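Commentary on secondary and tertiary structure
These are the residues of each chain, in order.
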Amino acid sequence: MSTLRLSPLALSRSRFALSPLAETIGTTIALARPHPDPWFAAWRARHLPAFTAALDADPFARGLTGLISSTKWLPGFVAVPPPDGMRTTLTRELAAVRAVSDDTFRAELEPSLTHSWHHHDLDWLSGHGWGPRAADLLQALWTAHIAADWPRRRALLERDVAYRAGLLAAYGWPRALEQMSRHSTWVGADAIRFSNRPGPERVIGDDGMFFVPVSLSTGTWLCQGPPGHYAQVYPAGGAATALTPARPRRALERLIGAGRATILHELAHPATSTELAARLGQSLGTIGGHLSVLRDAGLVVGTRVGRRVVYRRTEDGDRLAGDQDT
């Protein structure tokens, strides 16, 4: 299994970050793979013709995208920790990709080829200047498929960071890292397991590491910079809402109000009032008022777990919500 080992100092200095490059890579993988999640299918259907046409017009784009979307080991030049934390920009990240020499580019493809579940030839790797060509491709993918959605995606990512930062402040890193991926778990007092696949143990340097959410519902990967510098990419909570059309659920909203309808849909997964406030960017007072009305209507119930009250939908709440979040 793949584990990251952190000293107390490294753990205290670890933090969250955003990476437009990671968002671009994750979206590219989701577009390229043939069986999308049900909630992703409509968005993919709208974007797939332009995506396919761009790949058909450029063998380099098709070859690199095909490899990235069919390997368990991303090339190192696209899997680098974001340089500026929460303020990281795509321009800054792509500058590093442009600076990659052809020799380094070719060498960093080798592990990806070894760990791919498809056979790949490298006929598409012709000419020279592969780093700049890769950067141009990623910029084009961002512009065509992400830029218009980025404000909504970024808001989702920032809510996830705020939610986990609240858990970190209240309970420490083990709770903040809970359920970052299907396989993530705390191992002992100083190690995080993010994958069940065999892999070397990584020791995080004293500067700590970044945790980077992306608005896709599956997939995690590790980014590595200089020795001891790492970032773990993980799917943000509520990722299914990032690419769905921003249409109000009019019938339910008109029946119980937009705020209460939003909370009812959020409670597809049980949560405390504090967690709901962090996810939705609202005050505890506002959340508490809505929960009180929903509870009186028999649509949600609260269960005390230690010092916390965890809210969940009742059967009536499930029926009214219509399970539209799945």
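Note: the structure precedes this text.
Residues numbered from 1 in each chain as written. Predicted model: local features only at pLDDT ≥ 70, side-chain atom pairs only at ≥ 80, totals over all residues. Heavy atoms only, no water.

1. Here's the deal with the pairing of strand 6 (residues 210–214)
Our working definition: For every residue, the accessible area obtained with a 1.4 Å probe (protein chains only) is divided by the maximum for its type, and the residue is called buried under 20%, exposed over 50%, and partly exposed between those limits. The numbering of helices and of strands both runs from the N terminus, where a helix is a DSSP run of H or I of at least 4 residues and a strand a run of E of at least 2. At least two bridges found by DSSP between two strands are what make those strands a pair.
The element strand 6 is largely enclosed, with a buried count of 5 among its 5 residues. Taking every second residue as pointing to the same face, both faces of strand 6 are buried, with Phe-210, Val-212 and Val-214 on one and Phe-211 and Pro-213 on the other. Both strand 2 (residues 15–16) and strand 6 contribute to a ladder of 2 bridges, which runs parallel. Counted as the bridge partner of Phe-16 is Phe-211 from strand 6. Direction of pairing for strand 6 relative to strand 8 (residues 230–235): parallel, over a ladder of 5 bridges. Counterpart to Val-214 in the pairing with strand 8 is Pro-235.

2. Considerations on helix 8 (residues 150–171)
Applied cut-off: To estimate the expected span of a helix, count its residues, drop one, and scale the result by 1.5 Å. The arc in question is the one traced by the directions running from the helix axis out to the C-beta atoms.
If you check helix 8, its first and last C-alpha atoms are 31 Å apart, about what 22 residues at 1.5 Å a residue would give, namely 32 Å. Where helix 8 is concerned, the buried positions are Trp-150, Arg-153, Leu-156, Leu-157, Asp-160, Val-161, Tyr-163, Arg-164 and Leu-167. Looking straight down helix 8, one finds its buried side chains confined to an arc of 160 degrees; they lie on one side. Turned more than 90 degrees off the buried face of helix 8, the exposed positions are Pro-151, Ala-169 and Ala-170. Two residues or fewer after helix 8 comes Gly-172, characterised by a positive phi angle close to 95 degrees.

3. What about the packing of helix 2 (residues 20–32) against helix 8?
Where we set the bar: Axis definition: a line fit to C-alpha positions, over the contact stretch in the case of helices; interaxial angles, taken between N-to-C directions, run 0 to 180 degrees. In these notes the angle categories are as follows: under 35 degrees is roughly parallel, over 145 is roughly antiparallel, 65 to 115 is roughly perpendicular, and the rest is oblique. Should any heavy atoms of two residues lie within 4.5 Å, those residues are counted as being in contact. Each residue is assigned to one class: nonpolar for Ala, Val, Leu, Ile, Met, Phe, Trp, Tyr, Cys and Pro, charged for Asp, Glu, Lys and Arg, and polar for all the others, Gly among them.
Closest axis-to-axis distance for the helix 2/helix 8 pair is 12 Å, and the angle between their directions is 110 degrees. Between helix 2 and helix 8, the crossing angle belongs to the class labelled roughly perpendicular. Along the contact surface, helix 2 presents Pro-20, Glu-23 and Thr-27, while helix 8 presents Trp-150, Arg-153 and Leu-157. When its residues are assigned to classes, the contact of helix 2 with helix 8 shows 3 nonpolar, 1 polar and 2 charged.

4. As for the sheet that holds strand 4 (residues 191–195)
Across the sheet, which stays open at both edges, the 4 strands sit in the order 3-4-1-5 with mixed pairing between neighbours. Here the strands that pair on one side only, and so sit at the sheet edges, are strand 3 (185–187) and strand 5 (202–203). Pairing between strand 1 (residues 2–5) and strand 4: 4 bridges, direction antiparallel. Bridging from a neighbouring strand, Leu-4 pairs with Ile-192 of strand 4.

5. Some points on the packing of helix 2 against helix 5 (residues 90–98)
Where helix 2 meets helix 5, the closest approach of the two axes is 8 Å, and the angle between their N-to-C directions is 75 degrees. As far as their axial angle goes, helix 5 and helix 2 are roughly perpendicular. Only Leu-90, Glu-93, Leu-94 and Val-97 of helix 5 make contact with helix 2, whose side of the interface consists of Pro-20, Leu-21 and Thr-24. Of the residues belonging to the contact of helix 2 with helix 5, the class tally is 5 nonpolar, 1 polar and 1 charged.

6. Some details on the packing of aromatic side chains
Put simply, the test is: Note on aromatic contacts: the rings of Phe and Tyr and the six-membered ring of Trp form a pair at centre separations within 6.5 Å, being stacked when their planes are under 30 degrees apart, edge-to-face when over 60 apart, and tilted otherwise. A positively charged side chain is recorded as over a ring if its NZ (Lys) or CZ (Arg) lies within 6 Å of the ring centre. The angle to the ring normal must also be within 35 degrees.
Tallied over the full model, the rule gives 8 aromatic pairs. Ring geometry for Phe-16 versus Trp-173: centroids 5.7 Å apart, planes at 35 degrees, classification tilted. A residue pair is termed long-range when its members are at least 10 positions apart, and Phe-16 in strand 2 and Trp-173 in helix 9 (residues 173–176) qualify at 157 residues. Across the pair, Trp-173 and Phe-16 agree in class, each one buried. Through successive ring pairs, a cluster of aromatic residues spans Phe-60, Phe-77, Phe-105, Trp-124 and Trp-130. The side chain of Arg-133 reaches across the aromatic face of Phe-60, ending 4.4 Å from its centre.

7. Topic: empty space enclosed by the protein
Rules: Only protein atoms enter the calculation, which uses a 1 Å grid: trapped sets of points that fit a 1.4 Å probe without letting it out are cavities, open sets showing protein on both sides within 12 Å along at least five of seven lines are pockets, and any residue with an atom within 4 Å of a point is a lining residue. Grid points are joined across faces, edges and corners, and a volume is the space filled by probe spheres set on the points.
Using the criterion set out here, one finds 1 cavity of 30 Å³ or more in the structure. In this structure, the largest cavity spans a volume of roughly 30 Å³. Around the largest cavity, the lining residues are Ser-19, Leu-21, Ala-22, Val-78, Val-80, Glu-93, Trp-221, Cys-223 and Val-233. Elements with a contribution of two residues or more to the lining of the largest cavity: helix 2 and strand 7 (221–224). Looking at the lining of the largest cavity, its residues break down into 7 nonpolar, 1 polar and 1 charged.

8. A closer look at the layout of surface pockets
Quantified by volume, the second largest pocket comes out at close to 310 Å³. Residue lining of the second largest pocket: 17 residues in total, with Ala-32, Arg-33, Pro-34, Gly-66 and Ser-69 positioned closest to the centre. Taken together, the elements giving at least two residues each to the lining of the second largest pocket come down to helix 2, helix 3 (38–56) and helix 4 (59–68). At 5 residues, the largest contribution of residues to the lining of the second largest pocket is made by helix 3. Here the lining of the second largest pocket is composed, by residue class, of 7 nonpolar, 7 polar and 3 charged.

9. Looking at the environment of Thr-262
Inspection of the secondary structure puts Thr-262 in helix 11 (residues 258–266). The class for Thr-262 is partly exposed, based on a relative accessible area of 29%. In this structure, the C-alpha to C-alpha distance between Thr-262 and Leu-280, residues 18 residues apart in sequence, is 8.6 Å.

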